[in-house]
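Understanding the architecture of this molecule
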Amino acid sequence: MDEKLNPLRLVLLTVLIGYFAFLFTRPQPEEPLVTQVPAPATTPAPTATPTNCLGQITQVAQGVNEIRLTITGSAERILVYTDQGNITASTSETGSAGEYRIRTPAPTTAVQLDDCPVLNLR
């Protein structure tokens with residue numbers, strides 16, 4: 001009876017070894033490429049109503065599912081616009097020292113600080 005089980009054991013052992021070899025040798029996902037997009041130098045347009053814009057975006061780095069911002073001044077919230085919906089993030093939770101990182105469900109189309117003008121990224 002053992003002679004009939006030996007080929008079956010050999011097949012099962014081969015399948016198990018192949019499965020674990022597949023798990024350990026499959027390629028790992030790489031870090032998403034980040035493209036640097038410098039924020040345009042904006043001059044405040046004269047308006048009749050004062051805006052509550054105390055911060056300015058100085059640098060934007062956009063990845064596949066995240067956006068990184070460098071901000072001068074101060075801001076309480078960051079609004080991130082994507083094709084799959086908008087995200088509101090608190091600056092105290094997403095970063096510090098002027099550098100902020102926000103996960104997004106899709107590529108970012110625009111970003112806005114508090115009541116500042118929207119910065120289009122397309």
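A brief report on the enclosed structure follows.

What counts and what doesn't
Residues numbered from 1 in each chain as written. Predicted model: local features only at pLDDT ≥ 70, side-chain atom pairs only at ≥ 80, totals over all residues. Heavy atoms only, no water. Helix = DSSP H or I, 4+ residues; strand = E, 2+ residues; numbered from the N terminus. Polar contact = N/O pair within 3.5 Å; in protein donor to acceptor, adjacent residues only side chain to side chain. Contact = heavy atoms within 4.5 Å. Buried < 20%, exposed > 50% of the residue type's maximum accessible area, 1.4 Å probe, protein only.

Let us now look at the side chain of T91. Here T91 is to be found in helix α2 (residues 91-94). Among the polar contacts listed, one links the side chain of T91 to the backbone oxygen of A75, at a separation of 2.7 Å. Leaving out residues up to four positions away in the same chain, T91 has contacts with A75, E76, R77, I78 and Y100.

Further remarks concern the environment of D114. In this structure, D114 sits in the loop between β8 (108-113) and β9 (119-120). Assessed through its relative accessible area of 14%, D114 is described here as buried. Separated by 59 residues in the primary sequence, D114 and G55 have C-alpha atoms spaced 8.2 Å apart. Setting aside chain neighbours within four positions, we find D114 in contact with N52, S74, A75, E76, R77 and L79. A polar atom in the side chain of D114 sits 3.0 Å from the backbone nitrogen of E76. One polar contact links the side chain of D114 to the main-chain amide nitrogen of R77, over a distance of 2.9 Å.

Without other data, these values stay purely geometric and don't point to any function.
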